[in-house]
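Read off the chains here:
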Amino acid sequence: MKAVLDLKAAYDRVPRDTLMQEIRKRISSNVTAMISHSLQESTFTVAGDMTKTKGYCRRGVPQGSLVWPTLFDMLMDTLADMIIGLDINDGLDNARRVNMFADDVMIFGQQQKRSSKAC
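On a predicted model such as this, the values are computed, not experimentally measured, just so you know. (Residues numbered from 1 in each chain as written. Predicted model: local features only at pLDDT ≥ 70, side-chain atom pairs only at ≥ 80, totals over all residues. Heavy atoms only, no water.)

**Quick notes on the pairing of strand β5 (residues 104-108)**
Residues Val105 and Ile107 line the buried face of β5, whereas the alternating positions Asp104, Met106 and Phe108 sit on a face that is not buried. Where strand β1 (residues 2-6) meets β5, five bridges bridge the pair, whose relative direction is antiparallel. Within the sheet, the bridge partner assigned to Ala3 lies in β5 and is Ile107. In this sheet, β5 lies alongside strand β4 (residues 97-101) in antiparallel orientation, the contact comprising five bridges. (Buried < 20%, exposed > 50% of the residue type's maximum accessible area, 1.4 Å probe, protein only. Helix = DSSP H or I, 4+ residues; strand = E, 2+ residues; numbered from the N terminus. Pairing = 2+ DSSP bridges.)

**A few points about the pattern of salt bridges**
A full pass over the atoms with the stated rule returns three salt bridges. With a closest N to O distance of 3.0 Å, Asp6 and Lys8 form a salt bridge. In this structure, Glu22 engages Arg26 in a salt bridge whose closest nitrogen and oxygen atoms are separated by 3.5 Å. Residue Glu22 and its partner Arg26 are located together in helix α2 (residues 16-26), separated by four residues, close to a single helical turn. With relative accessibility at 42%, the residue Arg26 sits in the partly exposed group. Because the salt bridges share partners, they merge into one network encompassing Glu22, Lys25 and Arg26. (Salt bridge = Lys/Arg side-chain N within 4 Å of Asp/Glu carboxyl O.)

Here you go:
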């Protein structure tokens, strides 16, 4: 069995609170504080011909730095762990495996072999 997931715009949709929970588990508090500060709600302005609209960015991770892809991968590792740990009656023999590249996820599993005993 194989399932393929493509998480559309995953980088832009990262829940920042969930990301910070994972960062706090794995990284020292000094670095965590710096990351938290850079993830605080940011604003942007879209200017048209006659109007300006101010918006707030509450999701996603900033782009253009070397550190953010690593932190995104940290969150994706958590997703893989969750998928592997799911307790699903899916007929698989606990050999569920997850391969990931960026926001593409591939889940593999091996069906249980049923024994055919003669009566």
